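# Observations on the model geometry
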Amino acid sequence: MDIDFDRNSKKVLKKLYRSDLSGDEFSRIVGWYDRSQPNEIERFLRAEQLITVHTEGVPDGAGGYIPETVTRRYTITRRGRAAVEQLRQNRGETLLRILDVFPLR
């Protein structure tokens, strides 16, 4: 898996690796406070099939939900878990390469 992640995407994935996130928790991590605007981090993680978003609320009769009743929950997918594990492995390999170049005395 060869995906370039920004800092916030990594942070979200690492937190999701431990447990699901509510919509508010996700928003705080990525700094997304204007829900009327799309969020590029959520869009990227969903497009790469790294997370799923579960939306619940009271139906409005037009195929959507009444805005005040909407709750969102974020979960990590298997592909997302694999990405986190790959990031951890890469970090360990980088540390070993650094120690090869600069051995501890």
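Residues numbered from 1 in each chain as written. Predicted model: local features only at pLDDT ≥ 70, side-chain atom pairs only at ≥ 80, totals over all residues. Heavy atoms only, no water.

### Considerations on a positive patch on the surface
Taken together, the side chains of Arg-7, Lys-11, Lys-15, Arg-18 and Arg-88 make up a positively charged region of the molecular surface. The element that contributes the greatest number of residues to the positive patch is helix α1 (residues 7-18), accounting for four residues. Considering the arrangement of structural elements, one finds Arg-88 in helix α4 (residues 78-101). (Patch = residues over 30% accessible without salt bridge, like charges linked within 9 Å, V, L, I, M, F, W, Y side chains within 5 Å. Areas by Shrake-Rupley, 256 points an atom, 1.4 Å probe, with all protein chains shown as cover. Salt bridge = Lys/Arg side-chain N within 4 Å of Asp/Glu carboxyl O. Lys, Arg positive; Asp, Glu negative; His and termini not counted. Charge placed at Lys NZ, Arg CZ, Asp CG, Glu CD. Helix = DSSP H or I, 4+ residues; strand = E, 2+ residues; numbered from the N terminus.)

### As for the sheet that holds strand β2 (residues 51-56)
Strand order in the open sheet formed by three strands is β1-β3-β2, with antiparallel pairing between adjacent strands. On the outer flanks of this sheet lie β1 (21-22) and β2, each paired with one strand and no other. In this sheet, strand β3 (residues 71-76) lies alongside β2 in antiparallel orientation, the contact comprising six bridges. When the sheet's bridge partners are listed, His-54 is paired in β3 with Arg-73. Each of β2 and β3 is contacted by helix α3 (residues 40-47), which is oriented at about 115° to β2, the strand it contacts most. (Pairing = 2+ DSSP bridges. Contact = heavy atoms within 4.5 Å. Axes fitted to C-alpha atoms, helices over the stretch in contact; angles between N-to-C directions.)

### Structural notes on the pattern of salt bridges
Tallied over the entire structure, the rule returns four salt bridges. The partner of Arg-73 in a salt bridge is Asp-20, and the shortest N-O contact between them spans 3.0 Å. With Arg-73 in strand β3 and Asp-20 in the loop between α1 and β1, this residue pair connects regions lying 53 residues apart in the sequence. Relative accessible area serves as the criterion here: at 36%, Arg-73 is assigned to the partly exposed category. A relative accessible area of 38% means that Asp-20 is categorised as partly exposed. A salt bridge links Glu-42 to Arg-46; the nearest nitrogen and oxygen atoms lie 3.1 Å apart. (Buried < 20%, exposed > 50% of the residue type's maximum accessible area, 1.4 Å probe, protein only.)

### Side note on the packing of aromatic side chains
Working definition: an aromatic ring pair is given by the centre-to-centre distance plus the angle between the planes. Taken as a whole, this structure holds three aromatic pairs when the rule is applied. Summarising the aromatic geometry, the rings of Phe-5 and Phe-44 are spaced 6.2 Å apart at their centres and angled 80° between planes, so their arrangement reads as edge-to-face. In this pair, Phe-5 is assigned in the segment before α1 and Phe-44 in helix α3, connecting sequence segments 39 residues apart. Overall, Phe-44 belongs to the partly exposed group, its relative accessible area being 26%. (Phe/Tyr/Trp six-rings, centres within 6.5 Å; stacked < 30°, edge-to-face > 60°.)

### Digging into unusual backbone geometry
Among all residues save glycine, negative phi is the norm, and among peptide bonds the norm is trans. Residue Gln-49 is not a glycine yet carries a positive backbone phi of 60°. Tracing the backbone through its elements, the reader meets Gln-49 in the loop between α3 and β2.

### Focus: the environment of Gly-31
With respect to the element layout, Gly-31 can be found in the loop between α2 (23-30) and α3. Each C-alpha atom, one on Gly-31 and one on Asn-8, is 9.1 Å from the other, the two residues being 23 residues apart in sequence.

### With respect to the side chain of Thr-77
Inspection of the secondary structure puts Thr-77 in the loop between β3 and α4. Taking the relative accessible area as the measure of exposure, Thr-77 reaches 18% and is therefore buried.

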